[in-house]
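Analysis of the macromolecular model
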Amino acid sequence: MGDKRSIGARIGDFFSWLGKDLADIGRTFAEGDFRTRISFLIMGFGQLLRGQIVRGIAMLAAEIALLYYIFGFGAGYLKDFLTLGTKGRGFNPDGTVSYGDNSFFILLYGILTIIAILMLLLVWRINVKQNEEAQRLLAAGKKLPSNKKDLYSLLDENFDKTLLALPVIGIFVFTVLPIIFMICVAFTNYDYNHQPPSQLFTWVGLENFRNILSVGGTGYGKTFFSVLGWTLVWAFFATFLNYFLGMAVAILINQKGIKFKKLWRTILVITIAVPQFVSLLYVSKMFAADGLVNAYLLKWGFIERAIPFWTNKTYARILIILINLWIGIPYMMLIATGLLMNIPEDLYESAKIDGANPVQMFFSITLPYMLFVTGPFLLTQFIGNLNNFNVIFLLTQGQPQSMKLAGGAGYTDLLVTWLYKLTVTDSDYKMAAVIGIMVFLVTAVISLVVYNVLPSVKDEEGFQ
Amino acid sequence: MTHKKRISHAITYIVLILISIIWLFPFFCLILQSFRSYQTEFGGLVNYLVPKQFSLDSYKYLFSDGCQYTTWYLNTLIIACVVALLQTIVVICVSYALSRMRFTGRKLLMNVWLVLGMFPGFLTMICLYFLLKQLGLTQAGAIPGLILISVASSGMGYYVCKGYFDTLPKSLDEAARIDGANRFQILYQMIVPLSKPIIIYTALVAFMAPWCDFVFASYVAFGYSKSYNVAVAMQRWVWTNDYQGFFTRFCAGGILVAIPVTALFMALQGYYVEGVTGGAVKG
């Protein structure tokens, strides 16, 4: 982020790089021998003839696989990419069902084909470079790296490629591709009324974004801003209440002369250890209308009627934040315990000599130190809480629901739980995708802003 | 000890005891309610805490023929073990490459992964479901499907482990390289043994996550009850309309899950603390 150059300059850089690269390719071809030149078409040809069997086979295999995919499979989908299919389900003349186009697969495999073409270009460029290098080495009278050395390098100087190959492919197939797909879905009308294979969906431009920002009428705008507001309020309280109370508990236990330190910590940590679906589901039932808490309050005569913990909007929101403390304080306590021990003891000693009381020492030594050290942690916690699906879903499932909110949203729904409901309950994939993009934007903006003001990022030696 | 200090300690102890009661009370209730008899009392929510008669009815039901609890339990255990093993290997590989090696595109890769992490996980649920369906890994094949999804994206969770690798002195690597060791040997024979705490932390976190995964797991199993994991099944018990009858069974089933997971966590607590503290400071 230290790079402050304008975007225009970067685009300029890119084109000058591209021009230079194209010139390089041209020169390689012009100066190349027949092995190099044929390699421009049949990848790996030059490598094979020069005895670099491993590289040659890898290149050739990559070319065949990619071309086979692009022309044998992907092209059929790519040609419909701009319409996402025109032929709906119908009946053949002989009375059988004809399935027609499947917009889902056209979109998914279309994207994959475009990526395959880019990959082919990349592999092709590497192939050209390898040929150019090999030719240069031979012309200089040097020997090419042997096949054995090529293979061995995968465990040594090229070990990063071995290590990262599978993780990168995994992330590509199961994270990158689906995210690109869903971003595209946000610009289509893919929903309950347009579900493949029986129906088609198609591009609608910015329609869905207009919908989510339109406040009046049937637009999702009002609901979106209401849910967004609660999401931010929730993330704020869930992060900072946990942070300060967790730190307070840690300080309480850390005091000199307090016995059974380990016991207190172990008791608290139990809420981290027990799977949340057990603890949170149980607690949510404790506060149900006919749950234990209401039952005993009624029995002991404190209340006349059951308290609507989960059906009253305000009660539900407050209770969620309180129950989250039960889960969150121990986590912060663990972290704070370790960090508090790192504060140099003599800071406190000298403060004591100056006549500072414990409260003053907390605000002038402990808190600044903790805030400095845990700045980035607070940011990740805040973002984690924006997306804290489990706590909300296990406690309330976003209830209480209201007719005032669109898209089946409830008053304790976060953007992510609303996204989940739109996907699973309403099959409103287009709006779910739009909300996903909105969550991304919120996260990215908060991260960028906080990242730029954090003292510990700006100045690593700041706390002295 | 001064008088003032004694009072302050007394207050601290009172606060700590109160906190402990609040923290343990729900678990205490959970255990008590799991022993309520389904035959003689009611299996749902009731307005008293201590069962009139202690019985093992709910536990017996879990292991009866009509109930698939053991299947669900085994499913979760298999997912948790395999995911813990594979995810740890992936994280070690990625962390080593990013911490120790310098290659073109390293910064780009890290930035792209950082940006990808800003998208909410459930956004891609429908697409992942169709990808798994294409591979035949939904419903009956949901268990390998869930493992595949968890492991495939685990490379992005390298931060804590890489942070730890960064603290190991680079001079160790250089010394080993002078002795003729290659990168693979350095990782396998030197870094891994030195990183035991962080490896245990990574495996522990990976092992605990599947016990809580009910959203995606239920989506992938899609009503095929043999492929449920315990979280999916228990959550269905609590949320179906007749949860009244299944409440005590949920308590019993939940306890049987919580005991081994909690015991494992408590045993490895020290590593966990080291991991989260290190992660918090590095961000």
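Residues numbered from 1 in each chain as written. Chains lettered and ligands numbered in written order. Predicted model: local features only at pLDDT ≥ 70, side-chain atom pairs only at ≥ 80, totals over all residues. Heavy atoms only, no water.

1. Structural notes on the overall build of chain B
When helices and strands are counted, chain B shows 14 helices and 0 strands. Its helices and strands in sequence order give chain B the pattern α-α-α-α-α-α-α-α-α-α-α-α-α-α, from N to C terminus. Its C-alpha radius of gyration of 24 Å places chain B more than 25% over the 19 Å reference for a compact globule of 283 residues. When the backbone C-alpha atoms are referred to their principal axes, chain B occupies close to 75 × 70 × 35 Å. The buried share of chain B, taken over its 283 residues, is 55%. Look at the contacts in chain B between residues 6 or more apart in sequence, and 70% of them connect residues 24 or more apart. Carbon and sulfur atoms provide 68% of the accessible area of chain B, an area that totals close to 12,700 Å². The average position of the 20 basic charges and that of the 10 acidic charges among the side chains of chain B differ by 7 Å. (Helix = DSSP H or I, 4+ residues; strand = E, 2+ residues; numbered from the N terminus. Rg over C-alpha atoms; globule rule 2.2 N^0.38 Å. Buried < 20%, exposed > 50% of the residue type's maximum accessible area, 1.4 Å probe, protein only. Contact = heavy atoms within 4.5 Å. Areas by Shrake-Rupley, 256 points an atom, 1.4 Å probe, with all protein chains shown as cover. Lys, Arg positive; Asp, Glu negative; His and termini not counted. Charge placed at Lys NZ, Arg CZ, Asp CG, Glu CD.)

2. Comments concerning the side chain of S195 of chain B
Inspection of the secondary structure puts S195 of chain B in the loop between α9 (183-194) and α10 (196-208). For S195 of chain B, the residues in contact, after removing those within four places along its chain, are Y164, F165 and L168 of chain B.

3. Let's talk about the interface of chain A and chain B
Across the contact, 93 residues belong to chain A and 91 residues belong to chain B. For the chain A and chain B pair, buried surface summed over both sides reaches about 8,300 Å², with 80% attributable to carbon and sulfur atoms. The largest contributions to the chain A side of the interface with chain B come from F174, F277 and Y282 of chain A, which together make up 10% of the buried area. Along the contact surface separating chain A from chain B lie 0 salt bridges. In terms of residue count, the dominant contributor to the side of chain A that touches chain B is helix α7 (residues 159-185) of chain A (17 residues). (Buried area = accessible area lost by both parts, 1.4 Å probe. Salt bridge = Lys/Arg side-chain N within 4 Å of Asp/Glu carboxyl O.)

4. What about the domain arrangement of chain B?
Residues and elements named next belong to chain B. Its domain assignment divides chain B into domain 1 (3-61) and domain 2 (65-282). When each unit is reduced to the centre of its C-alpha atoms, the spacing between domain 1 and domain 2 is 32 Å. Counting the surface domain 1 buries against domain 2, the share from its top three residues, L45, Y59 and Y61, is 42%. Counting every contact that joins domain 1 to domain 2 gives 0 salt bridges. Across the side of domain 1 that touches domain 2, the residue classes break down as 7 nonpolar, 5 polar and 1 charged. (Domains from an automatic or database assignment. Nonpolar A, V, L, I, M, F, W, Y, C, P; charged D, E, K, R; others polar.)

5. Notes on the domain arrangement of chain A
Residues and elements named next belong to chain A. As assigned here, chain A comprises domain 1 (32-205) and domain 2 (221-458). For domain 1 and domain 2, the distance between their C-alpha centres works out to 44 Å. Tallying the contact residues gives 10 residues for domain 1 and 8 residues for domain 2. A buried area of about 710 Å², summed over both sides, lies between domain 1 and domain 2, and 70% of it is on carbon and sulfur atoms. Of all residues in domain 1, A186, Y190 and D191 give up the largest surface area on contact with domain 2, accounting jointly for 49% of the area buried on that side. At the surface where domain 1 touches domain 2, the tally comes to 1 salt bridge. Between K430 and D191 there is a salt bridge, with the nearest N and O atoms lying 2.9 Å from each other. Counting across the domain 1 and domain 2 interface gives 4 residue pairs in polar contact (both at pLDDT 80 or more). Within the side of domain 1 that touches domain 2, the residues separate by chemical class into 6 nonpolar, 3 polar and 1 charged. (Polar contact = N/O pair within 3.5 Å; in protein donor to acceptor, adjacent residues only side chain to side chain.)

6. Remarks on the pattern of salt bridges
Counted according to the given criterion, the structure contains 14 salt bridges over all chains. In this structure, the salt-bridge partner of R35 of chain A is D33 of chain A, at a minimum N-O distance of 3.1 Å. The exposure class of R35 of chain A is partly exposed, given its relative accessible area of 26%. D173 of chain B serves as the salt-bridge partner of R100 of chain B, at 3.0 Å between the closest nitrogen and oxygen. Of the two residues, R100 of chain B sits in helix α3 (residues 69-100) while D173 of chain B sits in helix α8 (residues 170-178), which places them 73 residues apart along the sequence. Accessibility classification places R100 of chain B together with D173 of chain B in one group, the buried group. Each of D33, R35 and R50 of chain A takes part in a single network of salt bridges with overlapping partners.

7. Here's the deal with the packing of α7 of chain A against helix α5 (residues 125-134) of chain B
Think of two packed helices as two axes; the pair is described by the angle between the axes and how far apart they sit. Closest axis-to-axis distance for the α7 of chain A/α5 of chain B pair is 9 Å, and the angle between their directions is 125 degrees. Regarding the angle of α7 of chain A to α5 of chain B, the classification is oblique. The handedness of the crossing between α7 of chain A and α5 of chain B comes out as right-handed. The residues of α5 of chain B that touch α7 of chain A, namely those facing V173, F174, P178, F181 and M182 of chain A, are I126, C127, L128 and L131 of chain B. Looking at the contact of α7 of chain A with α5 of chain B residue by residue, the classes come out as 9 nonpolar, no polar and no charged. (Axes fitted to C-alpha atoms, helices over the stretch in contact; angles between N-to-C directions. Parallel < 35°, antiparallel > 145°, perpendicular 65-115°, else oblique. Left-handed = near helix turned anticlockwise from the far one by under 90°.)

8. A few points about α9 of chain B
Along its 12 residues, α9 of chain B runs 15 Å from first to last C-alpha, staying within 8% of the 16 Å computed at 1.5 Å per residue. R183, I186, L187, M190 and I191 of chain B are the residues of α9 of chain B that are buried. Viewed along the axis of α9 of chain B, the buried residues span an arc of 130 degrees, placing them on a single side of the element. Residues of α9 of chain B that are exposed and point over 90 degrees away from its buried face: Y188, Q189 and P193 of chain B. Contacts from the buried residues of α9 of chain B go to α7 of chain A together with α3, α7 (159-167) and α8 of chain B. Sitting at the head of α9 of chain B, N182 of chain B places a side-chain oxygen 3.1 Å from the backbone nitrogen of F184 of chain B. (Expected span 1.5 Å × (residues − 1). Arc of directions from axis to C-beta.)

9. Comments concerning the nonpolar core
Membership of the largest hydrophobic core comes to 227 residues, with the highest contact counts inside it found for W234 of chain A together with W113 of chain B. In terms of residue count, the dominant contributor to this core is helix α13 (residues 313-340) of chain A (16 residues). Beyond its immediate stretch of four places on either side in the chain, W234 of chain A contacts I320, I321, N324, N385, N388, V391, I392 and L414 of chain A. (Core = buried A, V, L, I, M, F, W, Y, C linked by side-chain atoms within 4.5 Å.)

10. Let's talk about helix α11 (residues 276-286) of chain A
Of all 11 residues in α11 of chain A, 11 are buried, a share of seventy percent or more. Within the span of α11 of chain A, buried status applies to Q276, F277, V278, S279, L280, L281, Y282, V283, S284, K285 and M286 of chain A.

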